[in-house]
Amino acid sequence: MQVASEQEQREQLAKCQSLLDQQAYTAAATLLAALVPDLFHQGLTQTFLELFNRLPHTEQDVYPELICAAGDAWRLHNDWDAALFCYQRAQNLAEVSADQAALGRALAKRALVCWLRGDVEGALLFYNQAMEALPPANDGDATWEELRSGYALVLSSLGRLDEAEQLLQDQLRDYQRRADAAGQRMMLHNLGMMIYLRRGDFQAAEAVLKEALQLAEKNQQRFGEAYVLNSLAYTLNWQCRPTEALLLSLRAQALGEALGVPNILAFACINQAQSFLQQGDIEAGECACEQARTLLHSAQSSPLYCDVLLVQAQLQQSRCPALARETARTALATARLHHEHWMIGQCLLQLADLEIELHEFEAAQAALAEAFAIFERYDDRFHLLRCHLLAARA
């Protein structure tokens, strides 16, 4: 995908504004629909929403893809109710017009919101309905591509990594054949975070994330760049490389502030908290943790919130193990809500460590037994070793 230059983008945005001022709504909507990919790659989701909201509802209804894009923008800003309202609206329009492609697109997007809310059964239901509704996949079908990626996310959460990896690798090959830089960046990122990281293969995760970062930088995909920077920082923290991770998370934070996307900023703060913890700066870590909690105030049941709570528990451990245990229990409950098995395993290991410190050895052994079963399913040798080391203390 060829991304428009900043000058071209400014000219097109000015033209769209002018058309809206002239109440030339059909022409404005057509232009806005064409601008969506570039606006989202540059992280200008708020700009998109401002333009979209100036269109009369009757004009919006002619362009269900614009309504879905509005849902995407709200989702990125953690307003899942607004996102779901848009997707439901797009679904209703598709059903009335008997547009199967538009129906499949809306259902796939509803599935993602279900997953974000911890409704895995609902996510699988909507993904299956989307697959039934969609026409057979054609080369470059964006809806099928989005569906495969989302479905892989759910499979990874459930520990079905081989199936998830196959979907992502197939999609990556399609993007490579078409020289689609944005698609390649997304699939490389997902392979790193959803597959290799969860197998405990941090070197493989780092390699594909660095490749994804190069693609984002080369093609001026600021939004993708920020996400990959955060994920790479997360991976480096797992390798106990906090100085490198901190530098990357600060870059992600700067981009997040420019883009105004809460999830990017929150993830950057989580990574910084973990880096500060590894460097022994508990006060700075707690400050970063609090910033992340504030940014995620409207998404406290999200998977990302588990990471906040886990880092917070680690920061609390040296000062008050009992309080840290309560925080770890809350993190575990949030992870269970999402059926995020790899994250459930992380929470169980943290909880087991705290139970040992508090001399609750039976509780620690129960947590370790469950964690061991999870990491065996993921074939995550790194965390299996952590299980064995903790079991030796319990």
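Further up the page is the structure itself.
First, a word on scope: everything that follows refers to the structure included in this document. (Residues numbered from 1 in each chain as written. Predicted model: local features only at pLDDT ≥ 70, side-chain atom pairs only at ≥ 80, totals over all residues. Heavy atoms only, no water.)

Let us look at the side chain of Asp307. Here Asp307 lies in helix 17 (residues 303-317). Buried charge without a partner: Asp307 forms no salt bridge, and the closest opposite charge is Arg198, 7.9 Å away. Apart from the residues within four sequence positions on either side, Asp307 is in contact with Tyr234, Ile270 and Met343. (Helix = DSSP H or I, 4+ residues; strand = E, 2+ residues; numbered from the N terminus. Buried < 20%, exposed > 50% of the residue type's maximum accessible area, 1.4 Å probe, protein only. Lys, Arg positive; Asp, Glu negative; His and termini not counted. Salt bridge = Lys/Arg side-chain N within 4 Å of Asp/Glu carboxyl O. Contact = heavy atoms within 4.5 Å.)

All right, on to helix 10 (residues 161-177) then. Under the 1.5 Å per step criterion, the end-to-end length of helix 10 is 24 Å for 17 residues, consistent within 8% with the ideal 24 Å. Of the positions making up helix 10, those classed as buried are Leu161, Ala164, Glu165, Leu168, Gln171, Leu172 and Tyr175. The buried residues of helix 10 occupy one face: seen down the axis, they fall within an arc of 135°. Facing away from the buried side of helix 10 by more than 90 degrees, the exposed set consists of Asp162 and Arg177. At its buried positions, helix 10 is contacted by helix 9 (142-157), helix 11 (181-196) and helix 20 (361-378). Of the residues flanking the end of helix 10, it is Ala179, one or two places downstream, whose phi is positive at about 55°. (Expected span 1.5 Å × (residues − 1). Arc of directions from axis to C-beta.)

Attention shifts here to the environment of Gly256. Here Gly256 shows up in helix 14 (residues 242-259). Spatially, the C-alpha atom of Gly256 lies 22 Å from that of Val208, the residues being 48 residues apart in sequence. Leave out the neighbours within four places in its chain, and Gly256 touches Val261, Ile264 and Leu265.

Grouped together as the largest cluster of nonpolar side chains are 143 residues, with contacts concentrated most on Leu32, Phe48 and Leu66. Sorting elements by how many residues they give to this core places helix 7 (residues 100-116) first, with eleven residues. (Core = buried A, V, L, I, M, F, W, Y, C linked by side-chain atoms within 4.5 Å.)

Of the pockets and cavities examined, the second largest pocket occupies roughly 540 Å³. Along its surface, the second largest pocket is lined by 22 residues, and Trp238, Gln274, Gln314, Gln346 and Arg386 are the ones closest to its centre. Of all elements in the fold, only helix 13 (222-238), helix 15 (262-278), helix 17, helix 19 (341-357) and helix 21 (381-393) reach the threshold of two or more residues within the lining of the second largest pocket. For the lining of the second largest pocket, the class distribution of residues is eleven nonpolar, seven polar and four charged. (1 Å grid on protein atoms, 1.4 Å probe; cavity = no way out; pocket = protein on both sides within 12 Å on 5 of 7 lines; lining within 4 Å. Points joined across faces, edges and corners; volume = space filled by probe spheres on them. Nonpolar A, V, L, I, M, F, W, Y, C, P; charged D, E, K, R; others polar.)

The backbone phi angle of Ala98 is positive, close to 55°, even though this residue is not glycine. Relative to the assigned elements, Ala98 resides in the loop between helix 6 (80-97) and helix 7. Owing to a relative accessible area of 57%, Ala98 belongs among the exposed residues under this scheme. Phi at His359 takes a positive value of approximately 65°, unusual for a residue other than glycine. Topologically, His359 is positioned in the loop between helix 19 and helix 20. A relative accessible area of 58% places His359 in the exposed class.

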